[in-house]
Amino acid sequence: MKIAVIGTGYVGLVSGTCFAEWGHEVVCVDKNSDKIAGLKKGRLPIYEPDLDKMVARNHAAGRLSFTCDLVAAVTNAQVVFIAVGTPSRPGQGDADLSFVYMAAREMAPFLAEGAIVAVKSTVPVGTGDAVEKIIAHIRPYGSFSVASNPEFLREGVAIGDFLQPDRVVIGIEDGRARAVMAALYEGSLGATPLVFTDRRTSELIKYASNAFLATKITFINELADLCEKVGSNVGELALGIGLDRRIGTRFLNAGPGYGGSCFPKDTLALLRTAQDYGVVLRIVEETIVANEARKRKMALKVIEAVGGDVDGLTVAVLGLTFKPDTDDMREAPSVPLIETLQRYGAVVRAYDPVGTENAARLLEEVTLLDDPYECVRDADAVVVMTEWDSIRRIDLSRLRRLVRAPVLIDLRNAFEPGAASAAGFHVSVIGHRSDH
Ligand code: NAD
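None of these values were measured; they are calculated from a predicted model. (Residues numbered from 1 in each chain as written. Predicted model: local features only at pLDDT ≥ 70, side-chain atom pairs only at ≥ 80, totals over all residues.)

J.: Would you mind showing me how to read the overall build of the protein chain here?
T.: Per the secondary structure count, the protein chain includes 18 helices and 14 strands. For 436 residues, the compact-globule formula gives about 22 Å, and the C-alpha radius of gyration of the protein chain, at 23 Å, lands near that figure. When its C-alpha atoms are laid out on the principal axes, the protein chain stretches across 70 × 50 × 40 Å. Each of the 436 residues in the protein chain was classed as buried or not, and the buried ones make up 47%. Long-range contacts, defined as pairs at least 24 residues apart, comprise 71% of the intrachain contacts of the protein chain with a sequence gap of at least 6. (Helix = DSSP H or I, 4+ residues; strand = E, 2+ residues; numbered from the N terminus. Rg over C-alpha atoms; globule rule 2.2 N^0.38 Å. Buried ≥ 20, exposed ≤ 12 C-beta atoms within 10 Å, placed from the backbone. Contact = placed C-beta atoms within 7 Å.)

J.: For this particular structure, what's the right way to read the site of the ligand?
T.: The ligand sits among 28 residues. The nearest are G7, G9, V11, S121 and T122. The dominant element in the shell around the ligand, judged by the number of residues it contributes, is helix α5 (residues 98-107), at four residues. (Near = placed C-beta within 6 Å.)

J.: Sorry, what's going on with the environment of M329 here?
T.: Among the secondary structure elements, M329 is positioned in the loop between β9 (314-318) and α13 (334-343). It is 19 Å that separates the C-alpha atoms of M329 and C375, two residues lying 46 residues apart in sequence. Not counting chain neighbours up to four residues away, the residues in contact with M329 comprise L320, T321, G355, N358, A359 and L362.

J.: Quick question: what am I supposed to make of the sheet that holds strand β10 (residues 347-351) here?
T.: For sheets, the rule is that strands pair by backbone hydrogen bonds, running either parallel or antiparallel. The six strands lie next to each other as β11-β10-β9-β12-β13-β14, forming an open sheet whose pairing is parallel. In this open sheet, the two edge strands, each paired with only one partner strand, are β11 (366-369) and β14 (426-429). Strand-to-strand twist across the sheet, computed as the mean angle between neighbouring axes with direction ignored, equals 20°. Bridge count between β9 and strand β12 (residues 381-384): four bridges; the pairing is parallel. In the strand pairing of β12, V315 is matched with A381. With respect to the sheet, helix α12 (residues 282-305) is in contact with β9, β12, β13 (407-410) and β14, its orientation differing from that of β13 by roughly 160°. (Pairing = 2+ DSSP bridges. Axes fitted to C-alpha atoms, helices over the stretch in contact; angles between N-to-C directions.)

J.: How do you make sense of the pairing of β14 when you look at a structure like this?
T.: Looking along a regular strand, one sees the side chains alternate between the two faces of the sheet. In this sheet, β14 lies alongside β13 in parallel orientation, the contact comprising four bridges. Paired with D410 across the bridge in β14 is V429. With helix α18 (residues 417-422) bridging β13 and the parallel β14, this β-α-β connection has right-handed handedness. (Right-handed = clockwise from strand over helix to strand, strands pointing away.)

J.: In this structure, what is going on with the environment of D371? I would like to understand it.
T.: Along the polypeptide, D371 turns up in the loop between β11 and α15 (372-376). Between the C-alpha atoms of D371 and L271, which are 100 residues apart in sequence, the distance is 41 Å.

J.: What should I look at first to understand helix α8 (residues 175-189) in this one?
T.: Residue pairs three or four apart in sequence face the same way in an α-helix, which turns once every 3.6 residues. Across its 15 residues, α8 extends 20 Å between first and last C-alpha, which sits within 8% of the 21 Å expected from 1.5 Å per residue. Taken together, the buried positions of α8 are A177, M181 and L184. Residues of α8 that are buried in the fold lie against β4 (79-82), β5 (115-119), β6 (144-148) and β7 (168-171). Where α8 terminates, the next one or two residues include G190, which has phi positive at roughly 55°. (Expected span 1.5 Å × (residues − 1).)

Rendered as structure tokens:
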């Protein structure tokens, strides 16, 4: 199949590369000429494990190409995926659809007869209808279909998620286009369930899914607070409830609050949709409020651990990205934590294996280092913000010798509290008493 993918970010680049891996002929398009120039030379604009090798393999095989020329890319494509960003509109909370609509306007005059425009970006209910209207207005005589095909991949494990998804959701109402989309996925995914539905339900499935997961995280985070007060252990509690298959063990890791490019913006956008239709989504509303409060509260946990005052103290932050195995810093909980500590007078040093370049754009007056041991030198407190393998594997005794004061606040429960205290640290963790 000939496929065009508009947007070469985390979703577009992974999707396009995986479609090529399945044997399709894929052209990836981006407005950002630096990204395209880099991709042509094998330099990826994002960090995603193993993606570079897959891109190189498919590029070399002639199945995957990169261009800024949207017209050339869509002219022959049977399916055109829109995978551009849909960020929150600042101060509004609803999704900014300008990139989606611009892509639709740009491609409309050049779509092949019978082409399917599949919206992979996360978009509010009704966006597919609007995209259809835009294209039909510009191109009143050609035939085309607009499908919703939301993406559920997770950064850090995106290739595995794309190639072995739990399900593929396709919102489409016309039979011919449905058959093309079914052939695209069924040929390579075998028994994976394809959920066919109407476009509006498909659009809502994506938001409902993210809101549910955000709620699950927030639930365990609140239970973690209770565990700390009553002397229970949230890790064991999560296992105890999660083994009930109705609940499931995943997304029950208590931590500093969810972040990233999806949950914060998608929960807000869902709320805005509900408000527009006069529906109250109390649980989603509370999840957003609780998560924001939690992110701020984490700085107070650090301040408490150092004895109540961080003014003039050096805090070393290990891990900056919102989760391991990605360089994505969007809405990372490390940012409000660091900003709050700085407001209270702390001097902050931080380590991340791949996120420092993106972090440098968001953080001011933070010394960014690519060596964890260098980062903790003479620190008065060490905070674990992201559970990268390189952080989990840290030699705690060596760490202890480098810091000025042995205070470890492990907001990801990355270390065995016993091991950290055996190395001489006073440890503060999430969701159980840390009186080691
Ligand atoms: P991103 O910001 O990493 O990438 C978007 C890309 O689109 C950018 O490179 C930008 O230059 C390009 N672009 C914008 N307008 C364009 C146009 N008119 N023509 C060509 N290129 C254009 O975004 P992302 O993280 O990949 O997310 C894309 C969408 O997928 C969003 O709606 C997001 O909510 C959704 N999503 C993201 C994830 C994730 O983990 N990142 C997972 C599932 C769904």
